[in-house]
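Letter by letter, the chains look like this.
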Amino acid sequence: MRVPLSWLREYVDLPATETGRDVQAKLISVGLEVETVEQLGDGLKGPLVVGKVLTIEELEGFKKPIRFCTVDVGRANGTGEPQEIVCGARNFAVGDKVVVVLPGAVLPGGFAIAARKTYGRTSHGMICSGDELGMGDDGTKGIIVLPPEYEPGTDAIELLQLVDEVLDIAVTPDRGYALSLRGVARETAIAYGLPLRDPALLDVPGPNAFGYPVQVSEPLGCDRFTARTVTGLDPDARSPIWLTRRLQKAGMRPISLAVDITNYVMLELGQPLHAYDRSRVQGTIGVRRAERGEKLTTLDGVTRTLDADDLVITDDRGAIGLAGVMGGADTEIDDTEGTTTEVVVEAAHFDAISIARTARRHKLASEASKRFERGVDPQAASAAAQRTVDLLVLLAGGTAEAGVTEVIAPSAPHTISIRADHPGKVAGVDYGRETVVRRLQQVGCDVYGQDELIVTVPSWRPDLTDPNDLAEEVIRLEGYENLPSTLPKPPAGLGLTDRQRLHRRAGRALAGAGYVEAPNYPFLGEQVFDQFGLAADDPRRRVVKLVNPLSDEEPALRTTLLPGLLAALRRNDGRGSHDLALFETGLVFHPREELKVAVRLPVDRRPTAAEIASLTEALPVQPRHAAVVLAGAREQAGWWGQGRPADWADAVEAARVLAREAGTRLLVRGGRYGPWHPGRCAELAVVVDGTEQVIGYAGELHPRVVKSLGLPARTCAMELDLDLLERASAGVPKGPKISTFPVATQDVALVVDAPVPHADVEAALREGAGELLESIRLFDVYDNAAQLGEGKKSLAYALRFRAPDRTLTVDEASAARDAAVALAADRVGAVLRA
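All of these numbers come straight from a predicted model, not from anything done at the bench.

Colleague: Would you mind going over the overall build of the protein with me for this structure?
Modeller: Each helix and strand counted, the protein has 22 helices and 42 strands in total. Over its C-alpha trace the protein gives a radius of gyration of 42 Å, far above what one expects of a compact globule, namely 28 Å for 834 residues. Projecting the C-alpha coordinates of the protein onto the three principal axes gives extents of approximately 130 × 75 × 55 Å. Restricting to contacts in the protein with at least 6 residues of sequence separation, those with at least 24 account for 71%. Looking at the protein as shown, the accessible area adds up to about 41,100 Å², and 51% of this sits on carbon and sulfur atoms. Averaged over its 94 positive side-chain charges, the protein has a centre that lies 5 Å from the centre of its 117 negative ones.

The structure is reproduced here in structure tokens:
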């Protein structure tokens, strides 16, 4: 919204010393976004006067038409003699009044004017166009031709209002009232503490039976329709300079007197209007929904196919306008023919949502639709129609008919109940009841009550719907800059949950183990499941799909972290980083068996536990997983040694790192699960509530998966469920006790069948050794068939024994070792290797 400061001063008596910058600062302080202040006529210096063209001589022999003119500029040149000026424009004639800039003047942009010889003549000045004076678009090109009533020598700077300041306001969707001088003036009056001269306070005659016939068939879409008629208009009347200049400063192009007046009143009061050529309207004006497929040619010359939800203005022929958006060509006031002598003025109030949808459906944004979709004051329709009629009578010599039509759907004023201390609680400032009432009354509200206030919202503020809206009005008018900066005081005793602590420890532990965190977007394309080689009934294929995904190629929420991590690994490998170890902890999403509709939580209180639980039940199941991927060298080669590549054991060790952080024992055994290699895949399990539960897998990826995804050879990965790991943990891990007694180490080598997993042997040894066993470690695997026999392997373990209160004897340590071997022999058929 462009607001000329000179126009704004008509409604608020601003101090004469206040500049546009000062007003900008005040309006920003009350919440309006004033983006710029444009200085019109900046650098302009006279003499710039009205001139009358006396003679025109056509100069021959040049590539373009050139005219040598003599112009009467009165006494502005100091002599009273005609001014000789060379001009190339051709849209003026002898006797026309034009704008002349004389030598010594400076035009906007620093263009100094001096007498100069050109085309064989001396030009003493210049006849000006609107562009040269920075006047904006007036709908014509070429020299400014003024009305004949202005005398030569009249100061054109004042006449054309060339020096002014224009505030450019970015109006937010909730402040539609600021799309008018009336609304901005109200905010200015509040900011300065000055009275407002409301331009909508007019004497308006009441409705009667003599007005133009109107029938509203859609009261929900149009709750107010005012029609007034003006006859006897002078078809040759043109918009005066003050009217066209105000439109130009506000960013609108002058068109014709009737249209200019409706645009002027719209800018002044915020009420869009439309003027119909009465001779082109046939019968009753109506408001209804369009018929599907109905056609309408709008003022822009485009024939549009209407939708059944479009609101249209009609006469006996059918649709003649798209309500609240744009009029129809059939009833247009045609200024080119100059035949319009009778006008029907429409001032209506339309449903904001309906107008917004129509404008977007037809891709037809207009000044009217921009205002209606943000909210227009329904009470201003009658005043806007009256103001339009008054201007038509004044400027076009018309006569206002006595008939007044008003179709009004009854509605009660909107009231809001709010505690007097509510704005203070929202802002953290004690405003007091008197301040709250005063600020709400300044906005235009009627306020009653003491501790509990009953507030009647003004008709021009449809955005005020609940107590928090009223609180915002009080806070912004009191000044956001006056709100103190205070740090929040959280209640004592609250902190991270055990789940949150484990997630943080897991990230730190993996980072300490040499992994780099690589967070990814939680979206995937379902084709990745085929690349992983997952079975058709694999639960990871059941995904939650987004209605409006960021990318059509990834419309689903992830059920595993591996696709994102492997994509990051592939991308980094392709850019030259070949030795990679990446990790991520994050949520995965699984759909529930039964879909439920989420409840709408309240905003005026804390939701209850039942409401939160109901909302949670409508969401997908969202466990938190941890995953790692590895490729290239795990240990770099150098003078210290040969180094080694990353392998499946490193992926398993990453899982053990997380288990140690959780303070729980991880069970590792052979497994088969995509996308891992069936012979190099470890199944990871923990004991939860006395029951073993699989929490993830680790190992080397299948070669087909590696090839399909374009990964480095022998890429390894691990993924597990952190939430299940947390449930199996014993809480926060405790630091180990340092014993003062020595440890007793016993090594055993057991021969077992080749298919027997190490995890089963270790479990048997651990249970058999009893409480004296401090730790057990597998340090060698040997499978020589010539020495052990076909289908056998040897597993060598280091067992560490320690007592908390004494030094163990050799016999005690040996007895514990023998008990462990005996139980392993009984459970898995282990034989002590000689």
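What follows continues from the structure just given.
Colleague: Explanation requested: the sheet that holds strand β40 (residues 773-782) in the structure shown.
Modeller: The strands that make up a sheet pair up through hydrogen bonds in the backbone, lying either parallel or antiparallel. Across the sheet, which stays open at both edges, the four strands sit in the order β40-β41-β39-β42 with antiparallel pairing between neighbours. Across the chains shown, the open sheet's two edge strands, defined by having one partner strand only, are β40 and β42 (831-832). Sheet contacts for helix α22 (residues 810-828): β39 (744-753), β41 (792-801) and β42; angle to β39, the most-contacted strand, approximately 15°.

Colleague: What am I meant to see in the packing of helix α13 (residues 498-512) against helix α17 (residues 648-662) here?
Modeller: Two numbers describe a pair of packed helices, the interaxial angle and the distance between the axes. Their axes nearest at 9 Å, the elements α13 and α17 cross at an angle of 140°. By the angle between their axes, α13 is oblique relative to α17. α13 and α17 meet at a crossing whose hand is right-handed. Here Leu 502, Arg 505, Ala 506, Ala 509 and Leu 510 of α13 come into contact with α17, specifically with Ala 654, Val 657, Leu 658, Glu 661 and Ala 662. Its residues placed into classes, the contact of α13 with α17 shows eight nonpolar, no polar and two charged.

Colleague: Just to check I follow, could you spell out the side chain of Glu 719 for this structure?
Modeller: Along the chain, Glu 719 turns up in strand β38 (residues 716-721). Buried charge without a partner: Glu 719 forms no salt bridge, and the closest opposite charge is Arg 540, 5.6 Å away. Within the structure, Glu 719 has its side chain in polar contact with the side chain of His 625 (distance 3.0 Å). When near neighbours in sequence (up to four residues on either side) are disregarded, Glu 719 contacts Thr 560, Leu 561, Leu 562, Val 588, His 625, Ala 626, Ala 627, Trp 676, Ile 695, Gly 696 and Tyr 697.

Colleague: What exactly am I supposed to notice about the environment of Ala 396 here?
Modeller: Within the element layout of this structure, Ala 396 appears in helix α9 (residues 381-396). With relative accessibility at 5%, the residue Ala 396 sits in the buried group. C-alpha of Ala 396 to C-alpha of Thr 341: the two residues are 55 residues apart in sequence and 9.3 Å apart in space.

Colleague: For this particular structure, what's the right way to read the packing of aromatic side chains?
Modeller: Given two aromatic rings, one states the distance between the centres and the angle between the planes to describe the pair. For the structure on display, the rule yields nine aromatic pairs. An angle of 85° between the planes, with centres 5.6 Å apart, marks the rings of Trp 242 and Tyr 264 as edge-to-face. Remark: Tyr 264 occurs in helix α6 (residues 257-269) and Trp 242 occurs in helix α5 (residues 241-249); sequence separation between them is 22 residues. Overall, the relative accessible area of 31% leaves Trp 242 in the partly exposed class. By relative accessible area, Tyr 264 is classed as buried at 1%.

Colleague: Can you walk me through the pairing of strand β31 (residues 580-587) in this structure?
Modeller: For a regular strand, the rule is simple: side chains alternate between the two faces of the sheet. Of all eight residues making up β31, seven are buried, and the element is well covered by its neighbours. Judged from the two bridges that link them, strand β28 (residues 516-517) and β31 form a sheet pairing that is parallel. Looking at the pairing, Glu 517 lines up with Phe 583 of β31. Here eight bridges tie β31 to strand β32 (residues 624-631), and the two strands are oriented antiparallel to one another. Within β32, the position partnered with Glu 584 by the bridge is Ala 627.

Colleague: When you look at the layout of surface pockets in this model, what are you seeing that I'm missing?
Modeller: It is a probe the size of a water molecule, rolled over the atoms, that shows where empty space is left. Here the largest pocket is characterised by a volume of approximately 1,200 Å³. Around the largest pocket, the lining is made up of 33 residues, and of these Val 652, Arg 656, Val 668, His 758 and Glu 762 lie nearest the centre. Elements with a minimum of two residues in the lining of the largest pocket: α17, β35 (667-670), β36 (676-688), α20 (758-769), β40 and β41. In terms of residues, the lining of the largest pocket owes the most to one element, α17, which gives seven residues. For the lining of the largest pocket, the class distribution of residues is 17 nonpolar, six polar and ten charged. One number sums up the size of the second largest pocket: a volume of about 880 Å³. Elements represented by at least two residues in the lining of the second largest pocket include exactly α6, β16 (274-277), β21 (318-322), β22 (326-327), β23 (343-350) and α8 (367-372). The leading source of residues in the lining of the second largest pocket is α6, at four residues. Residues belonging to the lining of the second largest pocket are distributed by class as follows: 18 nonpolar, ten polar and seven charged.

Colleague: Could you clarify how one ought to interpret empty space enclosed by the protein in this entry?
Modeller: Tallied over the entire structure, the rule returns two cavities of 30 Å³ or more. In this model, the second largest cavity occupies a volume close to 120 Å³. Along the walls of the second largest cavity sit 14 residues, with Tyr 177, Ser 180, Leu 269, Gly 270 and Asp 377 positioned nearest its centre. Per element, the largest residue contribution to the lining of the second largest cavity is three residues, and it comes from helix α4 (residues 181-192). Residue composition of the lining of the second largest cavity, by class: five nonpolar, five polar and four charged.

Colleague: What is the right way to read the pattern of salt bridges from this model?
Modeller: Scanning the model with the defined rule gives 60 salt bridges in all. The salt bridge partner of Arg 67 is Glu 58, with a shortest N-O separation of 3.3 Å. Exposure remark for Arg 67: the relative accessible area of 7% places this residue in the buried category. Residue Glu 58 is classed as partly exposed on the basis of its relative accessible area, which comes to 33%. Ionic pairing is found between Arg 289 and Glu 218, a salt bridge with its closest N-O pair at 3.7 Å.

Colleague: Help me understand α17, please; the structure alone is not making it clear to me.
Modeller: Since there are 3.6 residues in each turn of an α-helix, residues three or four apart along the chain are aligned in direction. In a regular helix each residue adds 1.5 Å, so 15 residues correspond to 21 Å; α17 covers 22 Å between its end C-alpha atoms and thus fits that length. The backbone nitrogen of Ala 649 lies 3.1 Å from a side-chain oxygen of the residue at the head of α17, namely Asp 647. Following α17 by one or two positions, Gly 663 has its phi on the positive side, about 70°.

Colleague: Whenever I open this one, the sheet that holds β32 confuses me. Can you help?
Modeller: The strand order across the open sheet formed by seven strands is β28-β31-β32-β38-β37-β36-β35, and the pairing between neighbours is mixed. Edge positions in the open sheet fall to β28 and β35, since each of these has one partner strand only. Of the strands in this sheet, β31, β32, β36, β37 (691-701) and β38 touch helix α15 (residues 562-574), which is tilted by about 25° from β32. Against the sheet, α17 contacts β32, β35, β36, β37 and β38, and its axis sits at roughly 25° relative to β38.

What counts, and at which threshold
- Residues numbered from 1 in each chain as written.
- Predicted model: local features only at pLDDT ≥ 70, side-chain atom pairs only at ≥ 80, totals over all residues.
- Heavy atoms only, no water.
- Helix = DSSP H or I, 4+ residues; strand = E, 2+ residues; numbered from the N terminus.
- Rg over C-alpha atoms; globule rule 2.2 N^0.38 Å.
- Contact = heavy atoms within 4.5 Å.
- Areas by Shrake-Rupley, 256 points an atom, 1.4 Å probe, with all protein chains shown as cover.
- Lys, Arg positive; Asp, Glu negative; His and termini not counted.
- Charge placed at Lys NZ, Arg CZ, Asp CG, Glu CD.
- Pairing = 2+ DSSP bridges.
- Axes fitted to C-alpha atoms, helices over the stretch in contact; angles between N-to-C directions.
- Parallel < 35°, antiparallel > 145°, perpendicular 65-115°, else oblique.
- Left-handed = near helix turned anticlockwise from the far one by under 90°.
- Nonpolar A, V, L, I, M, F, W, Y, C, P; charged D, E, K, R; others polar.
- Buried < 20%, exposed > 50% of the residue type's maximum accessible area, 1.4 Å probe, protein only.
- Salt bridge = Lys/Arg side-chain N within 4 Å of Asp/Glu carboxyl O.
- Polar contact = N/O pair within 3.5 Å; in protein donor to acceptor, adjacent residues only side chain to side chain.
- Phe/Tyr/Trp six-rings, centres within 6.5 Å; stacked < 30°, edge-to-face > 60°.
- 1 Å grid on protein atoms, 1.4 Å probe; cavity = no way out; pocket = protein on both sides within 12 Å on 5 of 7 lines; lining within 4 Å.
- Points joined across faces, edges and corners; volume = space filled by probe spheres on them.
- Expected span 1.5 Å × (residues − 1).

Purely spatial values, then, with no claim about function.
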